[in-house]
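# Commentary on secondary and tertiary structure
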Amino acid sequence: MTVFTTTPPSSLGDPGLADHYLRLVGDGDEYGAVGVVTGLLDAGVPARRIMLDLIAPTQNRVGELWAADEWSIAREHGATAISERALAAVSVRSTVRPTRGRITLACVDGEWHALPVRMLGEMLRLDGWRVDFLGASVPGPHLVTHLHQTGPDAVALSCMIATRLPRAHAAITACRSVGVPVIAGGRGFGAEGRWAQRLGADAWAAGAEQAVARLAHRWPPVVGDPYATAFMGDDEYTYVARRRGDLVQGTLDRLAAAYPPMAAYDQRQHDSTVEDLGHIVDFLAAALYVGDPQVFTDFVDWTARVLEARGVPPVALCTGLSLVKEQLRDFPAAKATVDAGLARIDG
Ligand code: B12
């Protein structure tokens, strides 16, 4: 039982607030969570601080709890829905008349993490931008149609998962080819946004605060030749991306013999394995696309941790990677990338 059942929190520095708020979102207590954020607003805490210092870190903790298999997917979904509600409650109480330009916010095609970029949108709105928030998974052609209709000063493009980098590249090129500069963000673009730059983005920012600062100064940048970085993805990428289904099925067909515990898998474990193999191929394709094995090795580090938390030993991942590699006979870069991944696994 925390002190907040009797006294509502009035400062972000209140001891126990982070745990209390996490408990509310984890227990599905929507009214409790909204009450906390509106109580903080009433106490004079700025909206941007509530977003960045309470809602965002809570979501990060939700991600850690899911990765550690302490929270189910359902619990994560419920918590995220409440975070969206809390974010909306803060936003609705903080209106700012637009004084700057207009900006379009979108997630890359196939990217479903809408909350991080929504938070960015609210921060930009508070800074005086007129924001068009298009939400999750926006197909490139529709994004361009929107740009023609609205003529924004920038597109803020979010990619939280590196498998979407090829689509991010298509979107960046399309926006720049109609003269609209792109600021990229989200963990999918890698540490320090290294892949954003490679894909031709005009700018990158680590988070909402940095993006607000970047857009307030030195914007718009001069948009250079949009096609200078337009062609990536060689034969190896094309093969892996086009043969995704065959590579997954080919690995699955061999897996039971190579990894005997699989014979006892129930349907749920079998389905998770198919999903994991799909991730292996998708991250491999993305690594080949940007020409950087780190896309794949980062994925292997992460997936090894997630699997371990679910009782799947490293040898299972090694076996899966080796079987994918066996099918890449004539593709040296793809094989080397898988080898780099294998080298990351202990045991
Ligand atoms: C909620 C959630 C989901 C929800 C999203 C719902 C929604 N409405 O957003 C759902 C269930 C859809 C989901 C799905 C998946 N998820 Co998820 N998800 C999360 C979680 C727990 C929280 C995301 C969030 O809201 N973060 C809070 C924000 C505020 O975080 P932030 O990154 O600090 O945000 C800042 C920056 O990213 C930046 N930023 C973001 N976009 C942009 C854009 C621009 C232009 C700029 C400048 C800046 C910027 O600014 C933000 C504000 O400061 C994260 C964990 C985490 N740590 O983020 C995992 C996480 C991102 N998911 C992950 C995974 C693996 C997946 C799935 C593959 C799971 C699966 N097996 O299907 C799918 C992929 C779906 C897809 N194709 O997009 C992994 C990614 C790991 C990796 N290897 O990259 C994470 C890290 C979980 C983990 N701990 O492992 N997920």
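### Brief notes about the overall build of the protein chain
Of the regular secondary structure elements, the protein chain holds 15 helices and five strands. Taking 347 residues into account, the globule formula puts the C-alpha radius of gyration at 20 Å, and the protein chain, at 22 Å, falls close to it. Each of the three principal axes of the protein chain carries a C-alpha extent, and together these read 60 × 55 × 30 Å. Of the contacts formed within the protein chain by residues at least 6 apart in sequence, a portion of 74% connects residues at least 24 apart. Carbon together with sulfur atoms contributes 53% to the accessible area of the protein chain, which is approximately 16500 Å² in total.

### Observations regarding the packing of helix α12 (residues 267–290) against helix α15 (residues 332–342)
Running from N to C, α12 and α15 point in directions that differ by 120 degrees, and their axes come no closer than 10 Å. By the criterion of interaxial angle, the relationship of α12 to α15 is oblique. Where α12 crosses over α15, the two elements pack in a sense that is right-handed. Mapping the contact onto sequence places Leu284, Ala287 and Leu288 in α12 and Ala333, Ala334, Thr337 and Val338 in α15. Within the contact of α12 with α15, the residues separate by chemical class into six nonpolar, one polar and no charged.

### Digging into the state of the cysteines
Here a disulfide denotes a covalent bond joining the sulfur atom of one cysteine to the sulfur atom of another. Within this structure, the stated rule accounts for zero disulfides. Among the cysteines around Cys159, which has no disulfide bond, Cys107 carries the closest sulfur, lying 9.2 Å off.

### Notes on the coordination of the cobalt atom of the ligand
The protein supplies the cobalt atom of the ligand with one donor atom, His113 (NE2), which lies at 2.2 Å. Mapped onto the fold, His113 is located in the loop between β1 (102–107) and α5 (115–126).

### Observations regarding the site of the ligand
Every one of the 37 residues lining the ligand counts as a neighbour, but Asn60, Trp112, His113, Ser158 and Trp302 are closest to it. One of the side-chain nitrogen or oxygen atoms of Trp302 is found 2.5 Å away from an oxygen atom of the ligand. Of all the secondary structure elements, the ones that give two or more residues to the shell around the ligand are α3 (47–67), α4 (73–92), α5, β3 (154–158), β4 (182–185), α9 (208–216) and α12. In terms of residue count, the dominant contributor to the shell around the ligand is α3 (six residues). Of the residues belonging to the shell around the ligand, the class tally is 20 nonpolar, 12 polar and five charged.

### Some points on the sheet that holds β4
Ordered by their spatial adjacency, five strands build an open sheet running β2-β1-β3-β4-β5, and the pairing between neighbours is parallel. At either margin of the open sheet sits one strand with a lone partner, and together these are β2 (130–133) and β5 (203–204). Those strands touched by α5 are β1, β2 and β3, and its axis lies near 170 degrees from that of β1. Sitting on the sheet, helix α6 (residues 140–150) touches β1, β2 and β3, and the angle it makes with β1 is about 170 degrees.

### Notes on the pattern of salt bridges
Within the structure shown, the criterion is met by 19 salt bridges. Salt-bridge contacts for Arg244 lead to Asp282; the nearest nitrogen and oxygen are separated by 2.6 Å. Of this pair, Arg244 sits in helix α11 (residues 244–258) while Asp282 is found in helix α12, placing the two residues 38 residues apart along the sequence. Residue classification places Asp282 among the partly exposed positions, given a relative accessible area of 23%. Residues Asp301 and Arg344 are paired through a salt bridge, measuring 2.8 Å at the closest nitrogen-oxygen approach. Of this pair, Asp301 sits in helix α13 (residues 294–309) while Arg344 is found in the segment after α15, placing the two residues 43 residues apart along the sequence.

About the thresholds
- Residues numbered from 1 in each chain as written.
- Predicted model: local features only at pLDDT ≥ 70, side-chain atom pairs only at ≥ 80, totals over all residues.
- Heavy atoms only, no water.
- Helix = DSSP H or I, 4+ residues; strand = E, 2+ residues; numbered from the N terminus.
- Rg over C-alpha atoms; globule rule 2.2 N^0.38 Å.
- Contact = heavy atoms within 4.5 Å.
- Areas by Shrake-Rupley, 256 points an atom, 1.4 Å probe, with all protein chains shown as cover.
- Axes fitted to C-alpha atoms, helices over the stretch in contact; angles between N-to-C directions.
- Parallel < 35°, antiparallel > 145°, perpendicular 65-115°, else oblique.
- Left-handed = near helix turned anticlockwise from the far one by under 90°.
- Nonpolar A, V, L, I, M, F, W, Y, C, P; charged D, E, K, R; others polar.
- Disulfide = S-S within 2.5 Å.
- Donors = N, O, S within 2.8 Å, 3.2 Å for Na, K, Ca; no water.
- Near = heavy atom within 4 Å.
- Polar contact = N/O pair within 3.5 Å; in protein donor to acceptor, adjacent residues only side chain to side chain.
- Pairing = 2+ DSSP bridges.
- Salt bridge = Lys/Arg side-chain N within 4 Å of Asp/Glu carboxyl O.
- Buried < 20%, exposed > 50% of the residue type's maximum accessible area, 1.4 Å probe, protein only.

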